[in-house]
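# Structural description and commentary
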Amino acid sequence: MILFDFGYERAATAEEAVARLARLGDDARLLAGGTDLLPNMRAELAMPATLVSLEGIACEPPRALADGSIRIDALTRLADLERAPLIAERLPMLAAAARAVGSHQIREMGTIGGNLCQETRCLYLNQRHDYQFAPPCFKRGGECCYPFPRNKSDVCWSVHMSDVAPALIALDASLEILGAGGTRRAGIEDLFSGSGLRPLTLGPAELLRSVTVAPRPARWGWGFHKSTVRGGLEYGMSVCAVALRLEPDGRTCAEARIALGAVRERPLRSPKAESLLAGSVLDPARLTQAATAGAAEANPLPHHGFTKRHLSDNLKIYLRRTLEQALSRAREEEGAC
Amino acid sequence: MLRSDPQARAALKAPAQVVSLRVNGEWREIAVKPRVTLVEAIRDLVGLTGTKASCESGTCGACTVLLDGRPVVSCLTLAVACDGMEVRTVEGLTDGEKLSALQEAFLEYGAVQCGFCTPGMLMSATALLERDPKPDRETINKALEGNLCRCTGYNGIVDAVLAASGQTRPRKE
């Protein structure tokens, strides 16, 4: 039950949605699947005066472009993404990431654009505030970050929990962003600001329209793992996504892209771990070394009751396993060629 | 995002909108404010109380209904967003007094204890069987992951879905 009134407008096209956002100003929010925004509104973490609904905008299924890259409409529901034959065949990593999100119902409602643009989370921030008094933390307009009271009062340490974002970062996706002045393109990493207060770099009247993934090179392999307690319907403890490309000899790594989710205010790359892998022969010792470096540089924030020590150990182990997964897939593909 | 101006908010009178819903095959017109969720509309305005509202934050799945064939949690769906859509609730599964095969299987396999999660379970399972008539155990587990049950331990429910899809397992007597 949402306890405050708000207006509701439907946009028929993406351009109209942006025009409405520009007219309504800061107090309006876009509504796609609603699985992140509506719980936040129910907890009064977001209190927009108007919702601009995107349900009326036609959403085209994922399609291959002339240059071989794949364009995914931001309004594509995660369940449709998971089931799309094109995605299953060409980007199985993205299908796995979509399948890892929430529950069956959440995936039938939530969109890929909404998953990227979700709010960051923190146990203190996301507790119920309507029937109990908890002093508002910095993100709710208070004076202090209560979960980390000894930290500076202008830093919000909430965590970005998207499962799809790390996979798209490992795949080096690019975004099409529609604003009042027209369309601009951005790399997916530029979408995230790294601040818990405003996790996205989108302007007030901008809309994420589509995600494009370039064609995969030869001899590449992927690995994806979301650590959870129950195995479904929960936010990840950590999310590891890896894309490896091998040299023609099948042993040396040509390029590695590692992305970690649910660790910090934004999904992270692991530059040190990547540089340890690139150009070197991938033996088990090297993978372990890279995973240890990746866990150390991620420096995860404690979230959802997991301690930093626990999350670091988790990353060390699952990043290594994800790297092994990616390596064996890259070798399999080479064998198939 | 987190700012709110109480005066501006009090001045805002969001008008009700008329929404046409096809609930279990019958068209209904209801007037709802934008803040009314689909589960509130179904229970309070349409009067079908089979659909349960529990966590109201998309966690428990008790409010699952089929919206144009998709299983959705109706507590996170705004009723105004469902204009012209088809809603199927647990009441729509029966044919008069006759229970559907899935409901019969739930009874037979002891998949119902307190019964609060059952309407949501039935709707999720119905959506699964419409998409995949012969699901295996793992597929059923994945499809029902968004429906929490605190009584049965889930095995009875999964057995019932397997039985309803014609893949009966011998019952332990």
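Just so you know, these numbers come straight off a predicted model, no measurement behind them. (Residues numbered from 1 in each chain as written. Chains lettered and ligands numbered in written order. Predicted model: local features only at pLDDT ≥ 70, side-chain atom pairs only at ≥ 80, totals over all residues. Heavy atoms only, no water.)

## Points about the sheet that holds strand β12 (residues 268-269) of chain A
Residue and element names in this part refer to chain A. Pairing within the open sheet is antiparallel, and its 4 strands lie in the order β9-β10-β11-β12. Here the strands that pair on one side only, and so sit at the sheet edges, are β9 (220-227) and β12. The sheet contact formed by strand β10 (residues 238-246) and strand β11 (residues 253-261) spans 8 bridges and is antiparallel. Opposite Ala-243, over in β11, you have Arg-257 as the bridge partner. Contacts from helix α5 (residues 92-99) reach β9 and β10, with the element oriented near 5° to β9. (Pairing = 2+ DSSP bridges. Helix = DSSP H or I, 4+ residues; strand = E, 2+ residues; numbered from the N terminus. Contact = heavy atoms within 4.5 Å. Axes fitted to C-alpha atoms, helices over the stretch in contact; angles between N-to-C directions.)

## Here's the deal with the domain arrangement of chain B
All names here are of chain B. Taken domain by domain, chain B holds domain 1 (15-93) and domain 2 (101-164). Just the C-alpha atoms count here: the centres of domain 1 and domain 2 sit 21 Å apart. On the domain 2 side, the residues contacting the 16 residues of domain 1 number 13 residues. Buried surface at the junction of domain 1 and domain 2, both sides included, amounts to about 1,200 Å², of which 66% is carbon and sulfur. At the junction of domain 1 with domain 2, the criterion picks out 1 salt bridge. We note a salt bridge from Arg-88 to Glu-130, for which the minimum N-O separation is 3.0 Å. Joining domain 1 to domain 2, the criterion identifies 4 residue pairs in polar contact (both at pLDDT 80 or more). Among the elements that line the side of domain 1 that touches domain 2, the one with the most residues is strand β3 (residues 64-67), at 3 residues. Taken together, the residues of the side of domain 1 that touches domain 2 break down into 8 nonpolar, 6 polar and 2 charged. (Domains from an automatic or database assignment. Buried area = accessible area lost by both parts, 1.4 Å probe. Salt bridge = Lys/Arg side-chain N within 4 Å of Asp/Glu carboxyl O. Polar contact = N/O pair within 3.5 Å; in protein donor to acceptor, adjacent residues only side chain to side chain. Nonpolar A, V, L, I, M, F, W, Y, C, P; charged D, E, K, R; others polar.)

## A few points about the pattern of salt bridges
Under the definition given, this model contains 32 salt bridges over all chains. A salt bridge links Asp5(A) to Lys33(B), with the shortest nitrogen-to-oxygen separation between them at 2.9 Å. Linking Asp5(A) in the segment before β1 (7-10) with Lys33(B) in the loop between β2 (26-32) and α2 (38-46), this pair reaches from one chain into another. Given a relative accessible area of 16%, Asp5(A) falls into the buried group. Between Asp5(A) and Arg35(B) there is a salt bridge, with the nearest N and O atoms lying 3.4 Å from each other. Here Arg35(B) lies in the loop between β2 and α2 and Asp5(A) lies in the segment before β1, a pairing that spans two chains. Overall, the relative accessible area of 27% leaves Arg35(B) in the partly exposed class. Shared partners join several salt bridges into a network, and the residues in it are Asp172(A), Glu189(A), Arg257(A), Arg269(A) and Glu274(A). (Buried < 20%, exposed > 50% of the residue type's maximum accessible area, 1.4 Å probe, protein only.)

## Section: the interface of chain A and chain B
Each side of the interface is counted separately: chain A has 43 residues, and chain B has 38 residues. For the pairing of chain A and chain B, the buried interface totals around 3,500 Å² over both sides, and the portion due to carbon and sulfur atoms is 54%. One salt bridge in this structure joins Glu145(B) and Arg107(A), with 2.7 Å as the shortest N-O distance. Scanning the region where chain A abuts chain B turns up 16 residue pairs in polar contact (both at pLDDT 80 or more). Elements with a contribution of two residues or more to the side of chain A that touches chain B: β1, β2 (28-31), α2 (37-42), α3 (78-83) and α6 (104-109) of chain A. Here the side of chain A that touches chain B takes 6 residues from α6(A), the largest share from any one element. Partitioning the side of chain A that touches chain B into residue classes produces 18 nonpolar, 10 polar and 15 charged.

## Re the packing of aromatic side chains
Residue and element names in this part refer to chain A. For the coordinates displayed, the defined rule picks out 3 aromatic pairs over all chains. Between Tyr-124 and Tyr-146, the aromatic rings sit 5.4 Å apart at their centres with planes inclined by 25°, giving stacked as the arrangement. Of this pair, Tyr-124 sits in the loop between α7 (112-116) and α8 (164-170) while Tyr-146 sits in the loop between α7 and α8, placing them 22 residues apart in sequence. With a relative accessible area of 18%, Tyr-124 lands in the buried category. Aromatic side chains Phe-148 and Trp-157 sit 5.2 Å apart centroid to centroid with 70° between the ring planes, which places their arrangement in the edge-to-face category. Phe-148 gets classed as buried once you look at its relative accessible area, which sits at 17%. Here the guanidinium or amino end of Arg-321 rests over the ring plane of Tyr-318, the centre of that ring lying 5.2 Å away. (Phe/Tyr/Trp six-rings, centres within 6.5 Å; stacked < 30°, edge-to-face > 60°. Lys NZ or Arg CZ within 6 Å of the ring centre and 35° of its normal.)

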